[in-house]
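Structural overview
Now for the letters of each chain:
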Number of protein chains: 2
Amino acid sequence: MILYLNMGVSYMAKLKGNLLYGQSGGPTSVINASAYGVIKEAQKQSDFIDEVIIMKHGIQGALNEEFIFIKDQSEEEIELLKHTPGSAFGSVRHKLPDFKEDDTNYLRLLYIFKKYNIRYFLYNGGNDSMDTCAKIADYFNHINYECYIIGVPKTIDNDLPFTDHTPGYGSAAKFIANTIMEISYDMHAYHNGKVTIVEIMGRHAGWLTAASAIASLSGFGPDLIYLPEIPFSIEKFKKEVSEIYQKKRQCLVAVSEGISNEEGIFISSSSGLKDAFGHFQLGGVASKLASTVSADLGIPSRPVEFGSTQRAASHIQSLTDVNEAIEVGRQAVRAAISKKTNLMVVMNRSSKEQYEITYDLRPLNLCANTEKKVSKSMINSKGNGITKEFINYVLPLIQGENLPQYKNGIQQFSKMK
Amino acid sequence: MILYLNMGVSYMAKLKGNLLYGQSGGPTSVINASAYGVIKEAQKQSDFIDEVIIMKHGIQGALNEEFIFIKDQSEEEIELLKHTPGSAFGSVRHKLPDFKEDDTNYLRLLYIFKKYNIRYFLYNGGNDSMDTCAKIADYFNHINYECYIIGVPKTIDNDLPFTDHTPGYGSAAKFIANTIMEISYDMHAYHNGKVTIVEIMGRHAGWLTAASAIASLSGFGPDLIYLPEIPFSIEKFKKEVSEIYQKKRQCLVAVSEGISNEEGIFISSSSGLKDAFGHFQLGGVASKLASTVSADLGIPSRPVEFGSTQRAASHIQSLTDVNEAIEVGRQAVRAAISKKTNLMVVMNRSSKEQYEITYDLRPLNLCANTEKKVSKSMINSKGNGITKEFINYVLPLIQGENLPQYKNGIQQFSKMK
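Residues numbered from 1 in each chain as written. Chains lettered and ligands numbered in written order. Predicted model: local features only at pLDDT ≥ 70, side-chain atom pairs only at ≥ 80, totals over all residues. Heavy atoms only, no water.

Considering the overall build of chain A
Basically, it comes down to this: Helix numbering and strand numbering both begin at the N terminus, where a helix is a DSSP run of H or I of at least 4 residues and a strand a DSSP run of E of at least 2. It is over C-alpha atoms that the radius of gyration is taken, and the globule rule equals 2.2 Å times the number of residues to the power 0.38. Only protein chains enter the accessibility calculation, which uses a 1.4 Å probe; a residue is then buried when its area is under 20% of its type maximum, exposed when over 50%, and partly exposed in between.
When helices and strands are tallied, chain A shows 14 helices and 13 strands. Its C-alpha radius of gyration of 22 Å places chain A within 12% of the 22 Å reference for a compact globule of 417 residues. Over its C-alpha atoms, taken along the principal directions, chain A stretches across nearly 70 × 45 × 45 Å. The proportion of buried residues among the 417 residues of chain A is 64%.

Some thoughts on the packing of aromatic side chains
The criterion, for reference: Pairing of aromatic rings covers Phe, Tyr and Trp, the last through its six-membered ring, and needs centres within 6.5 Å; plane angles under 30 degrees mean stacked, over 60 mean edge-to-face, and all others mean tilted. Remark: a charge is flagged as sitting over a ring if the NZ atom of Lys or the CZ atom of Arg is within 6 Å of the ring centre and within 35 degrees of the ring normal.
Throughout the structure, instances matching the rule amount to 46 aromatic pairs over all chains. Ring geometry for phenylalanine 99 of chain A versus tyrosine 139 of chain A: centroids 5.3 Å apart, planes at 70°, classification edge-to-face. Here the residue phenylalanine 99 of chain A occupies a position in the loop between α4 (75-80) and α5 (104-115), and tyrosine 139 of chain A occupies one in helix α6 (residues 127-142), the gap between them amounting to 40 residues. Each member of the pair, phenylalanine 99 of chain A as well as tyrosine 139 of chain A, carries the same accessibility label: buried. Between the aromatic rings of phenylalanine 220 of chain A and phenylalanine 413 of chain B, the centroid separation amounts to 6.1 Å while the plane-to-plane angle is 45°, which identifies the pairing as tilted. Of this pair, phenylalanine 220 of chain A sits in the loop between α8 (207-210) and β7 (224-226) while phenylalanine 413 of chain B sits in the segment after β13 (410-411), each in a different chain. Exposure class is identical for phenylalanine 220 of chain A and phenylalanine 413 of chain B. Each is buried. Linked through ring pairs, Phe99, Tyr106, Phe113, Phe121, Tyr123, Tyr139, Phe140 and Tyr145 of chain A together constitute an aromatic cluster. The ring of tyrosine 406 of chain B is capped by lysine 174 of chain A, whose NZ or CZ atom sits 4.7 Å from the centre of that ring.

Quick notes on the interface of chain A and chain B
The extent of an interface is frequently quoted as the accessible surface area lost upon association of the parts. For clarity, the cut-off: Contacts are residue-level and defined by heavy atoms, with any inter-residue pair within 4.5 Å sufficient. Once two parts are put together, the accessible area they lose, assessed with a 1.4 Å probe and summed over both, is termed the buried area. Here, a salt bridge means any Lys or Arg side-chain nitrogen found within 4 Å of an Asp or Glu carboxyl oxygen.
If you look at the interface, chain A gives 66 residues, while chain B gives 66 residues. Here chain A packs against chain B, burying approximately 5200 Å² in sum over the two surfaces, 55% of which is carbon and sulfur. In terms of surface lost to chain B, no three residues of chain A exceed Glu182, Tyr185 and Tyr190 of chain A, which account for 14% of the buried area on that side. The interface formed by chain A and chain B contains six salt bridges. Put simply, arginine 311 of chain A and aspartate 186 of chain B hold a salt bridge, and the shortest N to O gap is 2.7 Å.

Observations concerning helix α2 (residues 31-44) of chain B
All names here are of chain B. Inclusion rule: Here the expected length of a helix is defined as 1.5 Å per residue gap, with one fewer gap than residues.
The end-to-end C-alpha separation of α2 is 20 Å, in line with the 20 Å expected for 14 residues at 1.5 Å each. Burial analysis of α2 places twelve of its 14 residues in the buried class, which makes it a mostly covered element. Within the span of α2, buried status applies to Ile31, Asn32, Ala33, Ser34, Ala35, Tyr36, Gly37, Val38, Ile39, Lys40, Glu41 and Ala42. Packing partners of the buried residues in α2 comprise β1 (17-23), β2 (49-55), α4 (75-80), β4 (118-125), β5 (148-153) and α12 (319-337).

Brief notes about empty space enclosed by the protein
Rule in force here: Each cavity reported here is a set of points on a 1 Å grid over the protein atoms alone in which a 1.4 Å probe fits but cannot get out, each pocket an open set with protein on both sides within 12 Å along at least five of seven lines, and each lining residue one with an atom within 4 Å of a point. Grid points are joined across faces, edges and corners, and a volume is the space filled by probe spheres set on the points. By the convention adopted, Pro, Cys, Tyr, Trp, Phe, Met, Ile, Leu, Val and Ala count as nonpolar, Lys, Arg, Asp and Glu as charged, and the other residues, Gly among them, as polar.
With the rule as written, the count across this model stands at five cavities of 30 Å³ or more. Approximately 130 Å³ is the volume attributed to the largest cavity. As for the largest cavity, its lining consists of 16 residues, and the residues nearest its centre are His315, Leu403 and Pro404 of chain A together with His315 and Leu403 of chain B. Counted by class, the lining of the largest cavity contains eight nonpolar, six polar and two charged residues.

Focus: the relation of the copies chain A and chain B
Filter applied, for reference: In this comparison the copies share one frame, found by least squares on the C-alpha atoms of residues holding pLDDT of at least 70 in both.
Superposing chain A onto chain B takes a rotation of 180° plus a shift of 0.0 Å along the axis, which leaves an RMSD of 0.0 Å. Such a combination of turn and shift is consistent with a two-fold rotation axis. Residues of chain A ranked by C-alpha distance from the rotation axis are headed by glutamate 305 of chain A, positioned 2.6 Å from it. The fraction of interface residues of chain A whose copies in chain B are also interface residues reaches 100%, indicating that both copies meet through the same surface.

Focus on the side chain of glutamine 411 of chain B
Put simply, the rule reads: As used in this structure description, the phrase polar contact means that two N or O atoms lie within 3.5 Å; if the pair is within protein, one of them must be able to donate a hydrogen and the other to accept it, and residues adjacent in sequence are counted only when both atoms belong to side chains.
Turning to its location among the elements, glutamine 411 of chain B is positioned in strand β13. In this structure the side chain of glutamine 411 of chain B is engaged in a polar contact, spanning 3.0 Å, whose partner is the side chain of glutamate 182 of chain A. Side-chain polar atoms of glutamine 411 of chain B contact the side chain of serine 314 of chain B, separated by 2.6 Å. Setting aside residues up to four positions removed in sequence, glutamine 411 of chain B forms contacts with Asn178, Met181 and Glu182 of chain A together with Ser314, His315, Pro404, Gln405 and Tyr406 of chain B.

Some words on the pattern of salt bridges
Residues and elements named next belong to chain B. Within this structure, the stated rule accounts for 52 salt bridges over all chains. The salt bridge involving lysine 135 is made with aspartate 131; its shortest N-O contact spans 3.2 Å. Note that lysine 135 and aspartate 131 are positioned in helix α6 (residues 127-143) at a spacing of four residues, about one turn of the helix. The buried category is assigned to aspartate 131, whose relative accessible area is 8%. Glutamate 243 is the salt-bridge partner of lysine 239, the closest N and O atoms lying 3.4 Å from each other.

A few points about the sheet that holds strand β11 (residues 357-363) of chain B
All names here are of chain B. Cut-off, in case you're wondering: Two strands pair under a simple rule: DSSP has to find at least two bridges between them. Axis definition: a line fit to C-alpha positions, over the contact stretch in the case of helices; interaxial angles, taken between N-to-C directions, run 0 to 180 degrees.
The mixed open sheet is built from seven strands, whose spatial order is β3-β2-β1-β4-β5-β10-β11. Edge positions in the open sheet fall to β3 (67-69) and β11, since each of these has one partner strand only. Strand-to-strand twist in this sheet, taken as the mean axis angle between neighbours without regard to direction, amounts to 30°. Inspection of the sheet shows β5 paired to strand β10 (residues 343-349) by two bridges, in the parallel sense. Counterpart to glycine 151 in the pairing with β10 is methionine 344.

Observations concerning the pairing of strand β8 (residues 251-256) of chain A
Residues and elements named next belong to chain A. Counting buried positions along β8 gives six out of six residues, so the element sits mostly inside the fold. In the sheet, strand β6 (residues 195-200) pairs with β8 via six bridges, with the strands oriented parallel. Looking at β8, one finds that isoleucine 200 is bridged to serine 256. With three bridges connecting them, β7 and β8 associate as parallel partners. The partner of isoleucine 225 across the bridge, within β8, is alanine 254.

Points about the pairing of β2 of chain B
Within a regular beta strand, the side chains point alternately toward one face of the sheet and then the other, so they alternate between its two faces. Residue and element names in this part refer to chain B. To be explicit about the condition: Handedness of a crossover: with both strands directed away from the viewer, a clockwise path from the first strand across the helix to the second marks it as right-handed.
By the criterion of burial, β2 is predominantly enclosed, with five of the seven residues buried. The pairing of β1 with β2 spans four bridges and is parallel. Bridge assignment links leucine 19 to a residue of β2, and that residue is valine 52. With α2 bridging β1 and its parallel neighbour β2, the resulting β-α-β unit is right-handed.

Notes on the sheet that holds strand β1 (residues 17-23) of chain A
All names here are of chain A. Reading across the sheet, the seven strands line up as β3-β2-β1-β4-β5-β10-β11 and stay open at both edges, with mixed pairing between neighbours. Single-partner strands in this sheet number two, and they are β3 (67-69) and β11 (357-363). Along the sheet, successive strands turn relative to each other by an average axial angle of 30°, direction set aside. Of the strands in this sheet, β4 (118-125), β5 (148-153) and β10 (343-349) touch α6, which is tilted by about 175° from β5. Taken strand by strand, helix α12 (residues 319-337) contacts β1, β2 (49-55), β4, β5, β10 and β11, and its axis lies near 170° from that of β5.

Quick look at unusual backbone geometry
Positive phi, normally seen in glycine, also occurs at asparagine 144 of chain A, with a value near 65°. Look at asparagine 144 of chain A and you get exposed, because its relative accessible area is 69%.

What to know about the side chain of asparagine 124 of chain B
All names here are of chain B. Within the secondary structure layout, asparagine 124 lies in strand β4. On the basis of relative accessibility, which here comes to 0%, the residue asparagine 124 falls in the buried class. Only 2.9 Å separates the side chain of asparagine 124 from the backbone oxygen of valine 152, close enough to count as a polar contact. If we skip the residues at most four places from it in the chain, asparagine 124 touches Tyr21, Gly22, Gln23, Ser24, Ile31, Ser34, Ala35, Val152, Pro153 and Lys154.

Digging into the state of the cysteines
Basically, it comes down to this: In this description, the term disulfide denotes a pair of cysteine sulfurs within 2.5 Å.
Inspection of the entire model under this criterion finds zero disulfides over all chains. Of all cysteine sulfurs in the structure, the one in cysteine 133 of chain A sits closest to cysteine 367 of chain A, which takes part in no disulfide; the separation is 9.9 Å. By relative accessible area, which is 0% here, cysteine 367 of chain A ends up buried. In this structure cysteine 147 of chain B is not part of a disulfide, and its nearest cysteine sulfur, from cysteine 133 of chain B, lies 9.5 Å away.

Spelled out as structure tokens, the structure:
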């Protein structure tokens, strides 16, 4: 499959220019590893690519002409990208309008792309970012500006379609599984415990929350798991918590921030704020449910909210995830110089017994704005746990450790000029 | 100093019996490393100690005659104690009455101690546990039952007196420092960020919250740090957050769960529940402050509550902490067989340039029920940050990594029979 992408290169007239890369949407602990893959592959493909330029804060940086030039960076800072969480170059949530309705942004981009001779454009993000990427590709196609545009997937949410999983998910899943184990082991210290409710990210897809179940392999998993895929009933929840607590004198619940009731209304006490894409900012589910348990059941309960830690926990990255994040970056460069465009890199899992990933490409517009949910067969019949099928799916993604570069007991992160 | 303790042994008539060990109070990620130290040293001291018996759920296990016998355990499970968070043998919060008022519990203990020929009793815990330990020592002294009783310190809170620091603190501090860095780096992804408020454990002492400042060494620390040592003013807090947000468009706050106002009233929305020692269960400060920031300042804000993760994060233990936890366990055994009693092991830091710890003993009753707070000279004049003196104090405690034993991407924890 790597062969397939390379094959294309040799047959076509070469286009020489600069490569522009940016990050968008919520960070992951390995998105910078994809940047590393892009940079390293681009440097290798010097027949096609003169220079790697990076937008500060994604597409906003292109509009504002705020760039980071990789040639100005030290090799040490570039290497540290493999251990740096967050968005080393800044991220953004900026929704581009349809260019047929308002082409202001697009004309500005065209000016910038021509000024810097950008012929390859790679955008690293999730669903919304692929929407941005597709719109730019459509516009450049429309006005006939030759630029090859490839989406580089990332999202801890694991909700992009057409790809077995997304870079960023494995590391977040590893953090969640290991932390749930720790919380569970800690809980078991007491005879008379509490109901501990852990809130995990995931607006509409429960992949991250489901990962808490990996902890069960060690005997220290959650008692109940609630995903957004199954309508949530507070009465059913109270009954289930109560039953477990009566038996075990404690109960560990993993709940997705995005659970909603039969009518589709979020259980979380929404802050009422929406982001640029119109999504409600969620949070507070664990807190709300813990209050309900304390007040209605009279059982002591405590919420745990990892917050951004779950997407930023570079100290417990999955090596598999880091390596795949690097590879999607490399693949995107190879696709672009092969004159592929308006596509996103996807990962296919071979059906072989041993875990193996091959890389492919899918149309950006199909990848954008679609959310892949946890399949029904991965959720138990009671809707409060997961099945073996999910464990088999997720386990290979958290394998191996990418040990942090500690100095003075704290990690070292990349600092770009 | 090790010499000093060993010296004592040879001169006295030997007392041969069994050693009883238990864990009490809130777990830490290295309390089981102390159990490991106790077990290994006791096995070495077979001239004095026949068998190591462990109480399930601390003193409750002794009262209920629920024991774990180390001779029944595999070497593998014992070795895993060095990587296992929580209380591997169960913990308890059980306050013993004064034996002069009610000696029921004490008579039961005497019966059990005689039945199992317990001549050495080690109790691993914080302030409250040292209270329990001292009471038992006083009772046995009163009735003239020969049993040597030594307290083994542990608490992530670092609030025990007479000891430079406590085992458990270094690992919790390391987790906090590294996680704060990750949250900070993640926050900086966006131009227009939020006010992120991280709630950190610590009822009356701010040692753990102060550890968030270590992240500043990398350039990714909190903007504001509020400890329980300084009375908290909501108006001052709002002003300080507002000023930073105006300038940076984001603000990272580390706040102790135990902050209270000028009148000493906790800021947290206390659940109203008290534990067996009469302490209020705290929690919800970050949530309360985040709501205040959103409502009163109109700035988006999000709380992060690590919950028990901070005391259970075995995946990022400080090797220094683990080794010291093992050593306090060993020292306690040596002290007991040297016929020392009613004492707690303490750690002294040498005044030398290089970090070095020597071990000593202090009376249990002085250690019990006293809380060591962060000294004023470690807190900045504005009361919203810490000084270099604290960094110099804490940095040696988080050095070195005790890499987890991963299997299938998740940690392995000890499972005792």
